[in-house]
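Analysis of the macromolecular model
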Amino acid sequence: MDRIIRASQQQSLISTHKVLRNTYFLLGLTLAFSAVTATLSTVFALPSPGFILMLVGFYGLMFLTYRLANSPAGILAAFAFTGFLGYCLGPILSSFLTAGMGDVIAMALGGTALVFFCCSAYVLTTRRDMSFLGGMMMAGFVVLLVAVIANLFLQLPALHLAISALFILFSAGAILWETSNIIHGGETNYIRATVSLYVSLYNIFVSLLSLLGFANKE
């Protein structure tokens, strides 16, 4: 009986490592693809898709990716999703480069990488179960949603900065939660895990751009 239990645990561990390895591999590829589309969008000065189109593309392609996550087509959907978000970054990066704030982009990239490394390393080394973050993240999501909707009408710089800071905290928590979910067997699909981590990294990068850009102007 003990032998069967150990064999089952060993098989579960192997499966978890496979999901984690495939997640990081696909995440690396999608980040590279997103960087290419962002670069092309910046170089060719492609127009911004606009707020409404970006929302439709974001949620539409995310839904498609999750819907196809259990088939090979899910990988193509993941690339379409991350490529689209890379394209949306182009006009933002162009505005920073035009303003002579290329150093802000580099700092935001470095900060994003640092947050991801620290959060991932913490969970992977301690193997702590971060499932307790689920409730707090749901509450944080509601607060962020209300704040974003409010700022669409109020257009307050201070509120915008507060939202950016909250997005960084929320996304860092999402990285902790998702990584823990993978290593404890809660997430067994590497495509869904990849998209979740990618969105967190995207939000951290854009939020850091906003905060550092404002500080640079000051």
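- The name given to the chain in an unreviewed UniProt entry is FtsH protease modulator YccA, and the organism recorded there is Pantoea eucrina.
- The record in UniProt for the chain states the following under Sequence similarities (unreviewed entry): "Belongs to the BI1 family."

**Details of the pattern of salt bridges**
- The full count for this structure, using the stated rule, is 1 salt bridge.
- In this structure, Glu187 engages Arg192 in a salt bridge whose closest nitrogen and oxygen atoms are separated by 3.1 Å.
- Overall, Arg192 belongs to the partly exposed group, its relative accessible area being 23%.

**A word on the nonpolar core**
- Core analysis: the largest hydrophobic core is formed by 45 residues, its most contacted members being Phe81, Leu85, Ile175, Phe205 and Leu209.
- Of all the secondary-structure elements, those providing two or more residues to this core are helix H1 (2-43), helix H2 (51-67), helix H3 (73-98), helix H4 (102-126), helix H5 (133-154), helix H6 (157-183) and helix H7 (190-217).
- Considering every element that reaches this core, the biggest residue donor is H7, with 12 residues.

**Looking at unusual backbone geometry**
- Phi is positive for Ala45, close to 50°, though the residue is something other than glycine.
- If you trace the backbone, Ala45 turns up in the loop between H1 and H2.
- By relative accessible area, Ala45 is classed as exposed at 60%.
- Phi at Gln155 takes a positive value of approximately 55°, unusual for a residue other than glycine.
- Within the secondary structure, Gln155 is located in the loop between H5 and H6.

Conventions adopted
Residues numbered from 1 in each chain as written. Predicted model: local features only at pLDDT ≥ 70, side-chain atom pairs only at ≥ 80, totals over all residues. Heavy atoms only, no water. UniProt positions renumbered as here; feature names shortened; annotations may be inferred. Salt bridge = Lys/Arg side-chain N within 4 Å of Asp/Glu carboxyl O. Buried < 20%, exposed > 50% of the residue type's maximum accessible area, 1.4 Å probe, protein only. Core = buried A, V, L, I, M, F, W, Y, C linked by side-chain atoms within 4.5 Å. Helix = DSSP H or I, 4+ residues; strand = E, 2+ residues; numbered from the N terminus.

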